[in-house]
Amino acid sequence: MAPNKQGELPGSAKYTGSVPQQEPVITTLCYNTEFVEKFTTLPHPDLAEAKNYQCWSHITPISDEDKIRKICDQLQIHPLVTEDLLTVTHRPKVDEYENYLFIILKSVSHSKSELLFNHHSFILFKNFLLSFSDLPDPFSPVTERINKASGRVRSRNSQYLFFSLADFLLDSYFFVLEKLGEDIEDLENEVLNDPDSNSVAKIHTIKGELIAIRRAVWPMRESINALIRSDFIDEQNRIYFKDLYDHTIEILDTVEGYRDTVSGFLDIYLSILSNRMNEIMKTLSIIATIFIPLSFLTGYFGMNFKYETILQSKEGFFWSNLLIFIIPVIMLVYFKIRKWF
Amino acid sequence: MAPNKQGELPGSAKYTGSVPQQEPVITTLCYNTEFVEKFTTLPHPDLAEAKNYQCWSHITPISDEDKIRKICDQLQIHPLVTEDLLTVTHRPKVDEYENYLFIILKSVSHSKSELLFNHHSFILFKNFLLSFSDLPDPFSPVTERINKASGRVRSRNSQYLFFSLADFLLDSYFFVLEKLGEDIEDLENEVLNDPDSNSVAKIHTIKGELIAIRRAVWPMRESINALIRSDFIDEQNRIYFKDLYDHTIEILDTVEGYRDTVSGFLDIYLSILSNRMNEIMKTLSIIATIFIPLSFLTGYFGMNFKYETILQSKEGFFWSNLLIFIIPVIMLVYFKIRKWF
Amino acid sequence: MAPNKQGELPGSAKYTGSVPQQEPVITTLCYNTEFVEKFTTLPHPDLAEAKNYQCWSHITPISDEDKIRKICDQLQIHPLVTEDLLTVTHRPKVDEYENYLFIILKSVSHSKSELLFNHHSFILFKNFLLSFSDLPDPFSPVTERINKASGRVRSRNSQYLFFSLADFLLDSYFFVLEKLGEDIEDLENEVLNDPDSNSVAKIHTIKGELIAIRRAVWPMRESINALIRSDFIDEQNRIYFKDLYDHTIEILDTVEGYRDTVSGFLDIYLSILSNRMNEIMKTLSIIATIFIPLSFLTGYFGMNFKYETILQSKEGFFWSNLLIFIIPVIMLVYFKIRKWF
Amino acid sequence: MAPNKQGELPGSAKYTGSVPQQEPVITTLCYNTEFVEKFTTLPHPDLAEAKNYQCWSHITPISDEDKIRKICDQLQIHPLVTEDLLTVTHRPKVDEYENYLFIILKSVSHSKSELLFNHHSFILFKNFLLSFSDLPDPFSPVTERINKASGRVRSRNSQYLFFSLADFLLDSYFFVLEKLGEDIEDLENEVLNDPDSNSVAKIHTIKGELIAIRRAVWPMRESINALIRSDFIDEQNRIYFKDLYDHTIEILDTVEGYRDTVSGFLDIYLSILSNRMNEIMKTLSIIATIFIPLSFLTGYFGMNFKYETILQSKEGFFWSNLLIFIIPVIMLVYFKIRKWF
Amino acid sequence: MAPNKQGELPGSAKYTGSVPQQEPVITTLCYNTEFVEKFTTLPHPDLAEAKNYQCWSHITPISDEDKIRKICDQLQIHPLVTEDLLTVTHRPKVDEYENYLFIILKSVSHSKSELLFNHHSFILFKNFLLSFSDLPDPFSPVTERINKASGRVRSRNSQYLFFSLADFLLDSYFFVLEKLGEDIEDLENEVLNDPDSNSVAKIHTIKGELIAIRRAVWPMRESINALIRSDFIDEQNRIYFKDLYDHTIEILDTVEGYRDTVSGFLDIYLSILSNRMNEIMKTLSIIATIFIPLSFLTGYFGMNFKYETILQSKEGFFWSNLLIFIIPVIMLVYFKIRKWF
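These numbers come from a predicted model, not from an experiment.

Undergrad: Looking at this structure, I do not really get the overall build of chain A. What am I missing?
TA: Helix and strand counts for chain A stand at eight helices and seven strands. Here the C-alpha atoms of chain A give a radius of gyration of 35 Å, more than 25% beyond the 20 Å that 2.2 N^0.38 yields for 341 residues. Counting every position in chain A, which comprises 341 residues, the buried fraction comes to 43%. The contacts of chain A with a sequence gap of at least 6 include a subset with a gap of at least 24, amounting to 66%.

Undergrad: What's the story with the domain arrangement of chain A in this structure? I'm lost.
TA: Interfaces are often sized by the accessible area lost when the parts come together. Taken domain by domain, chain A holds domain 1 (25–271) and domain 2 (280–337). Averaged C-alpha coordinates put domain 1 of chain A and domain 2 of chain A at centres separated by 76 Å.

Undergrad: It is not clear to me how the relation of the copies chain E and chain D should be interpreted in this structure. Could you clarify?
TA: Two chain copies here: they are related by a rotation about an axis and a translation along the same axis. Structural alignment of chain E on chain D gives an RMSD of 0.1 Å, achieved by rotating through 72° and translating 0.1 Å along the axis. What we have between these two chains is a five-fold relation. Every residue of chain E has its C-alpha some distance from the rotation axis, and the shortest such distance is that of Gly302(E), at 4.8 Å. Different-surface contact between copies: only 12% of interface residues of chain E are shared with the interface of chain D.

Undergrad: What's the story with helix H2 (residues 65–74) of chain E in this structure? I'm lost.
TA: Owing to its 3.6 residues per turn, the α-helix brings residues three or four apart onto one side. Residues and elements named next belong to chain E. Turning to H2, its buried residues are Ile68, Arg69 and Cys72. All buried residues of H2 lie within an arc of 100° about the axis, which places them on one face of the element. Turned more than 90 degrees from where H2 packs its buried face, Asp66, Asp73 and Gln74 sit exposed. Close packing links the buried residues of H2 with helix H3 (79–86). Positive phi appears at Gln76, one or two residues downstream of H2, with a value of about 55°.

Undergrad: For this particular structure, what's the right way to read the packing of helix H6 (residues 197–229) of chain C against helix H7 (residues 238–301) of chain C?
TA: When two helices pack together, their arrangement is given by the angle between the helix axes and the distance between those axes. Residues and elements named next belong to chain C. Contact geometry of H6 with H7 gives a least axis separation of 9 Å together with a crossing angle of 160°. Between H6 and H7, the interaxial angle falls into the category roughly antiparallel. At the point where H6 passes H7, the crossing takes the left-handed sense. Looking at the contact of H6 with H7 residue by residue, the classes come out as 23 nonpolar, three polar and six charged.

Undergrad: What should I look at first to understand the pairing of strand S4 (residues 93–96) of chain D in this one?
TA: Side-chain direction in a regular strand flips from residue to residue, so the side chains alternate between the two faces of the sheet. Residue and element names in this part refer to chain D. The pairing of S4 with strand S5 (residues 101–111) spans four bridges and is classified as antiparallel. Residue pairing in the sheet places Glu96 in a bridge with Leu101 of S5. Connecting S4 to the next strand, S5, in antiparallel fashion are four residues.

Undergrad: Explain the interface of chain E and chain D here, please?
TA: The interface of chain E with chain D comprises 52 residues on the first partner and 44 residues on the second. Only helix H4 (140–148), helix H5 (158–193) and helix H7 (235–301) of chain E provide two or more residues apiece to the side of chain E that touches chain D. Ranked by the residues each element gives to the side of chain E that touches chain D, the list is headed by H7(E), at 30 residues.

Undergrad: Hey, could you run me through the relation of the copies chain A and chain B in this one?
TA: Rotating chain A by 72° about the axis while translating it 0.0 Å along that axis superimposes it on chain B, leaving an RMSD of 0.1 Å. Comparing contact sets, just 14% of the residues at the interface of chain A also lie at the interface in chain B, consistent with a heterologous contact between different surfaces.

Undergrad: Teacher, can you tell me more about the sheet that holds strand S4 (residues 93–96) of chain A here?
TA: What links the strands of a sheet is backbone hydrogen bonding, and the strands pair in either a parallel or an antiparallel sense. Residue and element names in this part refer to chain A. Reading across from one edge, S2-S1-S3-S7-S6-S5-S4 is the order of the seven strands in this open sheet, with mixed pairing throughout. Each edge of the open sheet is held by one strand with a lone partner, namely strand S2 (36–39) and S4. Taken over all neighbouring pairs, the strand axes of this sheet differ in orientation by 20° on average, direction set aside. Across 11 bridges, strand S5 (residues 101–111) lies against strand S6 (residues 114–124) in antiparallel orientation. By the bridge assignment for S6, Ser111 is matched with Glu114. Those strands touched by helix H6 (residues 197–229) are S4, S5 and S6, and its axis lies near 155° from that of S5.

Undergrad: Even after reading the chapter, I still don't get unusual backbone geometry, so can you show me in this structure?
TA: Most peptide bonds are trans, and most residues other than glycine sit at a negative phi. The omega torsion across Thr60(A) and Pro61(A) is -15°, close enough to zero to call that bond cis. Mapped onto the secondary structure, Pro61(A) falls in the loop between strand S3 (54–60) and helix H2 (65–74). Here the phi dihedral of Gln76(B) falls at roughly 60°; this positive angle occurs in a residue that is not glycine. Relative to the helices and strands, Gln76(B) resides in the loop between helix H2 (65–74) and helix H3 (79–86).

Undergrad: Would you mind going over the interface of chain A and chain B with me for this structure?
TA: With 44 residues of chain A in contact, the opposing surface of chain B contributes 52 residues. Elements supplying a minimum of two residues to the side of chain A that touches chain B: H6, helix H7 (238–301) and helix H8 (314–337) of chain A. Here the residues of the side of chain A that touches chain B sort into 23 nonpolar, 14 polar and seven charged.

Undergrad: I keep staring at the environment of Tyr100(B) and nothing clicks. Help me out?
TA: All names here are of chain B. Among the secondary structure elements, Tyr100 is positioned in the loop between strand S4 (93–96) and strand S5 (101–111). Separated by 132 residues in the primary sequence, Tyr100 and Phe232 have C-alpha atoms spaced 8.2 Å apart. Those residues in contact with Tyr100 that lie beyond four places of it in its chain are Ile123, Leu124 and Phe125.

Undergrad: What is the right way to look at the packing of H2(B) against H3(B) in this model?
TA: Residue and element names in this part refer to chain B. At their nearest, the axes of H2 and H3 sit 10 Å apart, and the two run at 145° to each other. Where H2 crosses over H3, the handedness of that crossing is right-handed. Judged by residue contacts, Glu65, Ile68, Arg69 and Cys72 of H2 engage Val81, Thr82 and Leu86 from H3.

Undergrad: How should I be thinking about the sheet that holds strand S2 (residues 36–39) of chain D in this particular structure?
TA: Residue and element names in this part refer to chain D. In space, the seven strands of this open sheet follow the order S2-S1-S3-S7-S6-S5-S4, with mixed pairing throughout. Strand pairing shows two members of the sheet lacking a second neighbour, S2 and S4, which therefore form its edges. The average undirected angle you get between the axes of adjacent strands in this sheet is 20°. Of the strand pairs in this sheet, strand S1 (residues 25–31) and S2 are connected by four bridges, and their pairing is antiparallel. Opposite Tyr31, over in S2, you have Val36 as the bridge partner.

Undergrad: Help me understand the arrangement of the chains in this model?
TA: The smallest C-alpha distance separating chain A from chain C is 9 Å, and no contact links them. Separated without contact, chain B and chain D have their nearest C-alpha atoms at a distance of 9 Å.

Undergrad: Help me understand the environment of Cys72(C), please; the structure alone is not making it clear to me.
TA: Residues and elements named next belong to chain C. In this structure, Cys72 sits in helix H2 (residues 65–74). Expressed as a C-alpha distance, the spacing of Cys72 and Glu83, which sit 11 residues apart in the sequence, is 10 Å. In this structure, Cys72 is in contact with Ile77, Val81 and Thr82, ignoring residues within four places of it in sequence.

Undergrad: Mind showing me how you'd approach the environment of Ile71(A) here?
TA: Residue and element names in this part refer to chain A. Counting through the fold element by element, Ile71 comes out in helix H2. By C-beta crowding, Ile71 is classed as partly exposed, having 19 other C-beta atoms within 10 Å. The sequence separation of Ile71 and Thr82 amounts to 11 residues, and the corresponding C-alpha distance is 9.6 Å.

Rules of the game
Residues numbered from 1 in each chain as written. Chains lettered and ligands numbered in written order. Predicted model: local features only at pLDDT ≥ 70, side-chain atom pairs only at ≥ 80, totals over all residues. Helix = DSSP H or I, 4+ residues; strand = E, 2+ residues; numbered from the N terminus. Rg over C-alpha atoms; globule rule 2.2 N^0.38 Å. Buried ≥ 20, exposed ≤ 12 C-beta atoms within 10 Å, placed from the backbone. Contact = placed C-beta atoms within 7 Å. Domains from an automatic or database assignment. Least-squares fit on C-alpha atoms with pLDDT ≥ 70 in both. Arc of directions from axis to C-beta. Axes fitted to C-alpha atoms, helices over the stretch in contact; angles between N-to-C directions. Parallel < 35°, antiparallel > 145°, perpendicular 65-115°, else oblique. Left-handed = near helix turned anticlockwise from the far one by under 90°. Nonpolar A, V, L, I, M, F, W, Y, C, P; charged D, E, K, R; others polar. Pairing = 2+ DSSP bridges.

Below is the structure:
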């Protein structure tokens, strides 16, 4: 959710995350097929203009809003972009500006028993990519690939680089979903075999996590779809963004499947509970129904009436014992016929 | 809901709010980058025509329908607009007329334990904005910004001013949602740990509030989307309305997330209730099932039959005591095996 | 639902309402800004052609299908129109024919504890409106307005007249919804505070009524939307039909809100019922659990064994009394710890 | 569902219905406004070409797949059409071929307590209609109308004839829905007043029937909509297919209304069951709660302790009797206050 | 779900199935109307160019990712295609490349009590079809048809061949659905007549299987729809893909129908459980309510008070016996009136 800011200037950039205020560190990689160089400043605008270089600057953390704003102003980024970039709770989105695309994506990670969503912002110029994040080095495998010139990333432009980073972020969901899939299987076993009151809380937690993933991925799906249709993206790169789109569909599909499964768990839990209750009630009922009349009989023969003459005769004792023996037998037969047990 | 007016003339303006009839007060601000002036009348039509001024008139309250109608007629506002403007329960909407846009928005506030929705109407001319509301000064931070010339509002036209006001109104939802988010977290704790019959009423109340917010914001989302595509809005201002649109999406998204969460609470509550019931029934069953046969035994040995010879012998007393001791032990073992406790 | 007519000629006009067969009465008003005249026949075709008159004929009742068919044939109405016009259960719709529009609308009224939907058909020529209904004078306020020349109706064409009538019909839903809103509030109080088995029937009834209103208004919304986009409607009248459209949206919105509210009632009712059950079971359990062991003890000391020597000693009596006193105390403490009460 | 045919040639025509293999009977009617003639063979191709005749051949039953295939091949029908035509479980659909339309429709009938859906296939040439069905004479009223020259069918082309047949088939749904409507009303009375365990099975059956009707009519709605927009259909006939479309909407609308109603029945049933359970439990609880303490008292005074001196005194008897009388009175007052009865 | 591959190169081909790594076997059929020949290598590129041959190569298994990658590189297949082809959990899809279509389909089979989905990839060139699968010979009836020259497959191009294979794969769903339909009918009987706690697990399993089928077929429906509109497919073959599309609709329709049916089962199960519980509770209540007061009475007359003079008189014994006889009679009458049994 967006921060408390009623009365604030729209477009006023405020950091809303939890990282303490720190000087942002800029890490710039400039590369083409032949060389790669690393800087700790933004690339020269002339460089960015030169066609035969690709540059990627990663800026982290974004907790010092004034510094971040300065960097953005220097690159002539629209103030609304700067605001969204600092609002770490902002939904994923794609905005098309005159000479750059602004993209927000979310990655996910499993910390303890909670899901954490990380906010990643990208500003994609023609041959310059700017990425902002609170995580110090979230894209290390891609950096390594650039350094080692493995894969196609060195021979392609910044759009392909952005695709590589986005692909890497989306992969985090597959990790988390795999873990969730195992949890759901465990929960299914628990619910079907030995549910207790904790099961309900677990169902609730997993449902909440699935909804959270869905809420993060759904706008990414739409954003990537917008990217595919954007004129900004080169024709030959479009196939890669279609691949990303397939990944989001796959994630959402898995989430829907899990939700369908988990939704059924509560019904199963309640029906098993009802069943147990039924069994208990049946046992109680049978025992009570059998012994209550017997207790009445013993009570009857325990009365102290002087004229209760049956108490004096041997036959009385025999017949009453027989009665006490025969009543439960009849009742058990009756219950058996009614299929109570 | 619209007021009782079957048989009324369509387009007949009736105030439907709860503020007592009062003379409307007009507060007009005229400004450009260099100066700002305040009036208590509507701006001169000539002034409104002059390109180098922006004017904003706020009219409050709107309870005196005749006066409001006169003001509207004077500005040649369509009677249907005047009607909608006075109907404080009207849904948010945007209507495009020949030389102005008519917009209804709703703000929200938390009064006691109830949500209040306030009706704000705007008539947006090319460089003149008219706002109507029952609240005396609902936009003070924006007014202040105009007076202090902070932000971009002084250097932009009335569309940007309208954006600033709308942005301010939408922020009220973030406030209320934050409060609701905390309530929902409290409720979740309560439901999971110690639910009582009040919990159901609380779930019901929060659900109702979420539905109310959704019903207010949903048509605003559509209206702002219509604004974005309207020819009336200048190209350079469109990005701001896209930002507003993002805010409405964010609000609706949060509301949906909350609804999903709250929807699960009743299920949890009922399953916890079932669980408790089960526990109580089990305890009752176990105690009853153990003692009912014992009571029968004591009753049996308490009968007054003269020929119940077992009562006369020492061994009889010993064996019956043993029986009374052994029956509950067997039963407890049986229950343990059946996992009743 | 459409009537039994398998095997009937399609386009064969059959009256399906409940009014007994009666000669239809024609009431024609012809007017322009300067005069108004009343006839009991259809207007002369020449008159209808003349540009400076507007005519409106209301025909009621429609129970005499032959007469109605004759009137329609005389005006060269398509047989399918005549059939739909007589089928009083037909859904609201708009059909565009070469030189007229055929429109079906429904009004609603609250009779006793039931909703009644009335069927109104309109045939809208360029400057002639034909209305059919089983109600004798359903539009009296509009008639009066024409007679008194109040409002804009006299100075506008038949499309505006049709708008006035449709607006009037839609207002009936606001009346009924207001009444339903009060019923729902009463029901909410009842369900939250003192639900009984009647509450379920009431919830069911209100739900049914909301569905019925929704089923009547939904196709009207679509029909009016079709009207807005129809070439048949003059540009300057379009704004009025947009207003009608807003009304249908408002009605549907209110209905949806009510349905959401009412849907929650059954859940609340069931959870309150469960709660009560739980309370009852708890009380029963506590009392039974306390007294059942005590009864066993008294039974034990009531046995007639000759060798039950404890019965003979004063200490025995003291200790057993102590036991009888102490057991319930321990149990109550235990229940208190388990938070059973 | 489609038949078992994995490994079969696609387009291989297999009959999947339950009618035993029989020689198909061809009944051909050729007519124009002036005459009508009946044949038992397919019409001459020359005849079909001649503009001033309309021909309609009905072929029944379709259980002899080889004969049917031969007839189709003779008319140069696409093999996929022949396959679909013989698959009596095929969904309703419209396929447009170069010089004919292929249409599948379903009619419904109530046999015993089950719904039967009949498969009707139509091949619609410019002035020749071919209909296939397992029913011997499903369209007798239309045949009669052609013979008697009543209605418009003789003066119109084969499209109007097809409309007449389709209209006739759709009418079968109104019949069945009327019957279902009555069943639902009966069920509503039963559920609200005196539900038993059979009610659940009845709810289940009616729900299933509604779903079955919906599944048959939904694709017909889409097919007829496709027909309306097809170039194959003449402009002047389009209004008739719009009328058919209205009928399908009406059917689906009624089905949805019924489903909404029936869906509520199970909730009502369960809440009434809960209510009854509550009443029973309350009665049991009150009686048990009152008598269990009393039984303890009588047990206490029935102990055989020699030193239980209260048993010897007249006052003891009086006070204990008073206690036995007063305890239930106090309890009843307490229950009354707690509103247990 | 896609495999663990965060940090991997996008487009890096990894096999994700369960077949142990094996050399892929290539089976190529080249045919036209006059001859058919079988190879164990890929067809010569020249051959593929020649218009008068159709070739189909089936490659199985795909577990050796390096070999598969080599084959794909040799045919200049895009690396993203190779990746998707090896990801046996990938959703069905159609991707259009410059000179081929890439299609993923799923077939289903019933192994023990589990559904297995098999991954089939197709690369469709103008007159060359490449199919990949882990199953050794999944299309034997089609192969046979080619060898025997039965049906149209020999006289048509590779698109028709692909249609034949896809049609064959889709047929597997009809088999499985038929089996499921029988299971559902059995389950319905069980649930309505004699449900036990296993029924819930069965409902859950069937629901899961239906969801799994839906998840496999839904994207196939969309893919085939994309094929129909693709320029790649010849006009005369489009009708065949429409037929495939109809089949997917049919499958999804059946699945939806089954889901609706199965969804109702849990409600029925729970209401039957409630009913049984009610019956048990009623019996218990009646017996307890009758005997508890009687037991009190016998207890009362079993007290040892010396001054309980009623015990000494013959009339006392008579009247108390009468009381003991009359109380249950009154109660049974009362219960009968309240319709408890």
